[in-house]
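# Architecture and fold: a report
Each chain, written out:
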Amino acid sequence: MRFFKLVLGVGMSLLSLAFLRAEWPTDSEGNPLFVKGVTFTIENTLEDPQRQQTALREVKNIGANAIRTWGVGQDTQALLDNADAEGLKVLLGLWLEHGRDGAEGDGNLNYASHEERKQRQREIILRDVARYKNHPALLGWGVGNEVVLNIATEEQKVAYAIYLEELVKEIKMIDPNHMVMSVSAWTISVPYWEKYTPSLDVYGINAYGPAVGAIPLAMKEAGATKPFLVTEFGPRGAWDSDKDEFGVSIMPTDLEKYDHIARGWQEWITSNQSEGSRGGFIFNFSDDWSPTGIWLGFYLKGAKRPAYWATREAFTGKKPEVALQTLEGLMVSPKTVNSGGTINVGVEPLQGDASGEIQFFFSPEFGGRDHSNQIFDAEAKRYKDHIWKLTAPKDPGVYCIYASKRYAGDNVTITQSSVNVKASLEISTSEKVDTSVIAMAASPALAMATATLMQISAPRSRGSQVKIVGDISQGFQLLKNGQPFRILGAGGSNYFDVMAENGGNAIRTWGVGKDTPGILDKAHANGLSVTVGLWLGHERHGFDYSDPKQLADQRADVKKAVEQFRDHPALLSWGLGNEMEGIQNRGDSPVIWKEINYLAKMIKELDPYHPVMTVVANVNPEKVKAIQTYAPAVDILGVNAYAGAQNIGKNLRSFDWNKPYAVTEYGLPGPWEVELTAWGAPIEPTSREKAGFYYVSTKGILEDTKQCLGSYAFLWGNKQEATASWFGMFLPSGEKTPRVDAITKVWTGEWPSNRAPILKEIVMPVFNRKIKAGERFDLKARYEDSDGDTITYTWEIFKESTDRKVGGDAEAVPEMITGVIRAIDQNGSAQLIAPRAKGAYRVFVTVKDGKGSGCMDNWPFYVE
Amino acid sequence: MRNIVLSLVFTSLLAQILPAIAQDFGDYSSATLTGKAWEAYGANDFELALTFTAKCKEMYLATAKEQQAALDVKPTGEKVHDSWALNDVGTCLYIEGQILEKQDKVTEAIAVYKILSEELSFSQCWDTKGWFWSPAEAAADRVKQLEFDSLLD
């Protein structure tokens, strides 16, 4: 096997060297040219006969070294000359007719039978080759574009591939000095080329979005033996995007587009040179006032789109010369409107401001390609602030609505939503939308098409594959590696062996750190799955969700973490943030949820095999609505809830949450939810009561088998939060408490083999009282061990915690007071001499059974 | 003899009237009965509280079940008050369960809680802190808690 791999490796190298030696051009330093190209469709006009040359100069300015065309036309000679003048190479397209109506150039050439038409096409191609073969700008020939995709039958596809082989041979006879390639949609043509068109020198692959990173492996799977150029590359396209309620493709934001190009070029094309990548062409250096131009073009009406700057950064590493502005959140209400009616539209800026001139346009989504390529101005009146009133078009049908804003340096940002225009009186009551509520409509939903493409091509072997099946009416289920998986888990990073022994199957973490690889490995070794927490900044810690720099850094951190751990077999899902919406407000801030949405989509593009969960601090109607509106890419809602955790599902359903959820932190009422002493100290439930809370909550949560995917108890470990014993299911010294036993009983139906001692009797005269310094008290806290183990008692006095935080932030352990208490016996009796210093205290008793189980209780008191 | 008969009649009437005076069912509305049950429960007069809860059930349980049957989801906002019988009878059952727990009648308490959680699941009770809570959800939790307690002891 090793020998086989060696031979293959040498073979590929020789092949590449032979290819490079024969035809591949070199750069100014004599190295093989790495193509940094753009597809190019700008033509001269009567008003501007120098338009093409000016545009090519811009192509050069953004660091490109080549352009690509799809066919030969009247201006080809001029284009080649102009490109040469700018030092650009041209991959000259030779158009081959498609076999059926396609997305682009229509055609109906049957390659299995239309011999005469094939011959005529051949003559034209060879004529063009002869005409331009000696032009110094010529990089090579691109023969045919996505033809195999647009041929209906297998017989005709094979006939086409054979015809292409004959054509390539003839081209090479006429022009032996330039490479000849053909272009495929994704890698679907490769098997045909490998079998029937061996004379091709290089393969052209059209691909968009993150799928491009998977090309090398897809090529291997398709049996490719040639290098490749990414002949069309850009952000996720309309064909690859989710659709809104009217079937309109949801356009990525300008920020997303920028990221896909600038980051994607480096990560998915440049970094794959050793895998056969010879560069590519970013689509499309155009100025077309059309939906495609809006989505993918470099210019609109002479103003630069983000693709211009993103390509410049991709090729040169230079950041934009202007601060890019982006619009997001084109809000439309009502979504269905009578012909000629009023549409309320709100525009939110994602970056920059929305105070400048904003223009609105409609584009019909009906009536065939020619009709749907139309874009016309919308009649718009500014209502107030960022809200406009548009007059709906007269013709019924679904329309795209575009909002655009030109800003400094001749740049333009544009965003999109949709509206359904109906003939008057056609709208049913149920379709009428409350116009007081302007619903967010423009945030793009999941980039699932790209993800699907990656799944089809299976770019990497994955450690685990997790998905959610079902719907709100039938119920949801988590499948891990095809098997149903109910989360029986807890949050924490220790005691995995105890969890495995006691019927748990999952743990949750809050952030990625140096210990994460070890946690994952340890979990896997114990058969546990992990929701890997991706920590996101909290505003209360100073994070600013409107600061592009902070957002960029955070995105980079998330990306790095996902790439690092996505292949780990223990991975169950991504826990995107924890209570980052804030715990002391309504949690409905759009700016946070839009960022969550961005990150969720990014994660799914990087890792389509694991669902994304975002975790919030309890729920309320406003928060749920904001998440549904602004973060549709989130798969699972994780809810941290303490008192009443078992009723989260009912609450979510009453708030119309229609996706699955998990309870991500629960246990007992928190210090913020319980009765306080007269001096403000929270009264902690006893260890026995705590066990009851865990039993009741866990059982109640898991009774919701339709929408709830499971739960994570808090905390599978120990921490100081109000006290040392409030939340930890383990003692600071590592013994499991009755809480672990209670949850085990729910998970498995059985008690653990060794159980923790249970509190049976309390005599605590100081509890919740103000006492005098030096006063003496007899105390008793008696525990029983159902296994008959010998119990040891430890009594301690601590000052009341003064380092109280919110949201689980780290707190300091308060000072211990010595010399004021002593155990009387091993039956739970002790004597307290009240401390001399005035203040709030707690008396703690810790019991252990010597076999890994224990218990801790405390009672507050105050010395006057 | 006539005096004896009259005396017996008077005594019989008095026997019927006196408890009513002691219990004071007020206007016999479900709201009044529930309020009085809470009041007696708060005063630890469990027997009196149980007479109010029993009267409330006797008079309004059937209506409460009809109101429950007419609902698909727990009402919100002003609609909560449309289910007046459901809310009051549900609350009375919860009070009854609490009293039975305090009287160590665990089996009886569980039975009452189960009726509440299973048959009157959309009942709601106003908390003076400013929100409605669900006696049925609380009852379901109590059933689990009592089940857990029985496992420990």
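Residues numbered from 1 in each chain as written. Chains lettered and ligands numbered in written order. Predicted model: local features only at pLDDT ≥ 70, side-chain atom pairs only at ≥ 80, totals over all residues.

Bringing the overall build of chain B into the picture now. A count of helical and extended segments in chain B gives six helices and two strands. The contacts of chain B with a sequence gap of at least 6 include a subset with a gap of at least 24, amounting to 60%. (Helix = DSSP H or I, 4+ residues; strand = E, 2+ residues; numbered from the N terminus. Contact = placed C-beta atoms within 7 Å.)

The next point concerns the overall build of chain A. What chain A contains, in helices and strands, is 20 helices and 40 strands. When contacts within chain A are restricted to residue pairs at least 6 apart in sequence, long-range pairs at least 24 apart make up 70% of them.

On the side of chain B, eleven residues touch chain A, which itself brings eleven residues to the contact. Broken down by secondary-structure element, the contributors of at least two residues to the side of chain A that touches chain B are α19 (687–702) and α20 (738–748) of chain A. Among the elements that make up the side of chain A that touches chain B, the one with the highest residue count is α19(A) (five residues). When its residues are assigned to classes, the side of chain A that touches chain B shows four nonpolar, five polar and two charged. (Nonpolar A, V, L, I, M, F, W, Y, C, P; charged D, E, K, R; others polar.)

Residue and element names in this part refer to chain A. Taken in spatial order, the eight strands of this closed barrel run β24-β25-β26-β27-β28-β29-β30-β31, and their pairing is parallel. With strand direction ignored, the average angle separating the axes of adjacent strands in the sheet is 25 degrees. Of the pairings in the sheet, the one linking strand β29 (residues 636–640) to strand β30 (residues 661–665) comprises four bridges and is parallel in character. The partner of asparagine 640 across the bridge, within β30, is glutamate 665. (Pairing = 2+ DSSP bridges. Axes fitted to C-alpha atoms, helices over the stretch in contact; angles between N-to-C directions.)

All names here are of chain A. Helix α5 (residues 154–174) packs onto helix α4 (residues 115–132) with a crossing angle of 25 degrees between their chain directions and a minimal axis gap of 10 Å. When the axis of α4 is compared with that of α5, the two are roughly parallel. As for how α4 packs across α5, the hand of that crossing is right-handed. The segment α4 lies against α5, with Lys118, Arg122, Ile125, Leu126, Val129 and Ala130 engaging Tyr163, Leu167, Glu170, Ile171 and Ile174. Classifying every residue of the contact of α4 with α5 gives eight nonpolar, no polar and three charged. (Parallel < 35°, antiparallel > 145°, perpendicular 65-115°, else oblique. Left-handed = near helix turned anticlockwise from the far one by under 90°.)

Once that is clear, we can look at the sheet that holds strand β7 (residues 228–233) of chain A. All names here are of chain A. With parallel pairing, eight strands are arranged side by side around a closed barrel as β1-β2-β3-β4-β5-β6-β7-β8. Each adjacent strand pair in this sheet contributes to an overall mean axis angle of 25 degrees, direction not counted. Of the strand pairs in this sheet, strand β4 (residues 138–145) and strand β5 (residues 179–185) are connected by four bridges, and their pairing is parallel. Pairing of tryptophan 141 across the sheet is with valine 180, part of β5. Here α5 sits on the sheet and contacts β4 and β5; the angle it forms with β4, its principal contact strand, is near 160 degrees.

For the rest of this paragraph, the subject is unusual backbone geometry. Between Phe283(A) and Asn284(A) the backbone carries a cis peptide bond, its omega angle lying at 10 degrees. The omega angle of the peptide bond from Ser333(A) to Pro334(A) is 0 degrees, so this bond is cis rather than trans. Relative to the elements of secondary structure, Pro334(A) occurs in the loop between β11 (326–333) and β12 (336–338). The backbone of Asp410(A) shows a phi angle near 55 degrees, a positive value even though the residue is not glycine. Backbone geometry at Asn44(B) places phi at a positive 60 degrees, although glycine is not the residue there. In this fold, Asn44(B) is placed in the loop between α2 (30–42) and α3 (46–69).

The next thing to look at is the nonpolar core. Residue and element names in this part refer to chain A. Formed by 120 residues in total, the largest nonpolar core has its most connected members in Val59 and Val90. The biggest single contributor to this core is α5, with eight residues. Counting residues domain by domain, this core receives three or more from each of domain 1 (2–316) and domain 2 (326–440). If we ignore the near neighbours within four places in the chain, the residues touching valine 90 are Ala66, Ile67, Thr69, Leu79, Leu80, Ala83, Ala137, Leu138 and Leu139. (Core = buried A, V, L, I, M, F, W, Y, C linked by C-beta atoms within 7 Å. Buried ≥ 20, exposed ≤ 12 C-beta atoms within 10 Å, placed from the backbone. Domains from an automatic or database assignment.)

All names here are of chain A. For α4, with 18 residues, the first-to-last C-alpha span of 26 Å sits near the 26 Å given by 1.5 Å per residue. Three or more residues of α4 are buried, namely Lys118, Ile125, Asp128, Val129 and Tyr132. Buried residues of α4, viewed axially, fall in a sector of 100 degrees; they line one side. The exposed set on the far side of α4, more than 90 degrees from its buried face, consists of Glu115, Glu116, Gln119, Glu123, Arg127, Ala130 and Arg131. Residues of α4 that are buried in the fold lie against α3 (76–85), β3 (89–94), β4 and α5. (Expected span 1.5 Å × (residues − 1). Arc of directions from axis to C-beta.)

Residues at a pLDDT of 70 or more form 86% of chain B, whose mean pLDDT is 87. Taken together, the chains of this predicted complex give a pTM of 0.56 and an interface ipTM of 0.78. (pLDDT = per-residue confidence, 0-100.)

So, about the packing of α3(B) against helix α4 (residues 84–102) of chain B. A packed helix pair is summarised by two numbers, namely the angle formed by the two axes and the spacing between the axes. Residue and element names in this part refer to chain B. Remark: α3 packs on α4, axes separated minimally by 7 Å, with the N-to-C direction vectors making an angle of 140 degrees. When the axes of α3 and α4 are compared, the pair comes out oblique. Relative to α4, α3 is oriented so that their crossing is left-handed. Here α3 contributes Phe46, Ala49, Leu50, Thr53, Cys56, Lys57, Tyr60, Leu61, Thr63, Ala64, Gln67 and Gln68 to the contact with α4, which in turn contributes Ala85, Leu86, Asp88, Val89, Gly90, Cys92, Ile95, Glu96, Ile99 and Lys102.

Take α3(B) next. Residues and elements named next belong to chain B. The sharpest bend along α3 measures roughly 60 degrees and falls at tyrosine 60. Listed in full, the buried residues belonging to α3 are Ala49, Phe52, Thr53, Cys56, Tyr60, Ala64 and Gln67. In the core, the buried residues of α3 are packed alongside α2 and α4. (Bend = angle between axes of the 7 residues up to and from the residue.)

Residue and element names in this part refer to chain B. Examined against the element boundaries, phenylalanine 52 turns out to sit in helix α3. Take phenylalanine 52: there are 26 C-beta atoms within 10 Å of it, and that puts it in the buried class. In this view, phenylalanine 52 contacts Leu33, Lys36, Ala37 and Ala40; residues no more than four positions away in its chain are not counted.

Our next topic: the environment of Gly475(A). All names here are of chain A. Secondary-structure assignment places glycine 475 in strand β22 (residues 475–480). It is 8.7 Å that separates the C-alpha atoms of glycine 475 and cysteine 708, two residues lying 233 residues apart in sequence. Setting aside residues no more than four positions away along its own chain, glycine 475 makes contact with Gly470, Thr705, Lys706 and Gln707.

Residue and element names in this part refer to chain A. For strand β6 (residues 202–206), the tally of buried residues reaches five of five residues, placing the bulk of the element in the interior. Here β6 shows a buried face lined by Val202, Gly204 and Asn206 and a second buried face lined by Tyr203 and Ile205. Relative to β6, β5 runs parallel, the two sharing five bridges. Opposite serine 182, over in β6, you have tyrosine 203 as the bridge partner. Following the chain from β5 across helix α6 (residues 190–196) to the adjacent parallel β6, one finds a crossover that is right-handed. (Right-handed = clockwise from strand over helix to strand, strands pointing away.)

Let's shift gears to the confidence of the model for chain A. All names here are of chain A. On average, residues of chain A score 87 in pLDDT, and 91% of them are at 70 or above. In the predicted structure, residues 1–22 sits below a pLDDT of 50 and forms six contacts with residues beyond four places in sequence or in another chain. Scored below 50 in pLDDT, residues 425–461 shows 89 contacts in the model against residues more than four places distant or in partner chains.

A word on the environment of Phe798(A). All names here are of chain A. Mapping phenylalanine 798 onto the fold places it in strand β35 (residues 792–799). Using a count of 18 C-beta atoms within 10 Å as the deciding quantity, one classes phenylalanine 798 as partly exposed. Considered as a pair, phenylalanine 798 and valine 843 are 45 residues apart in the sequence and their alpha carbons are 6.6 Å apart.

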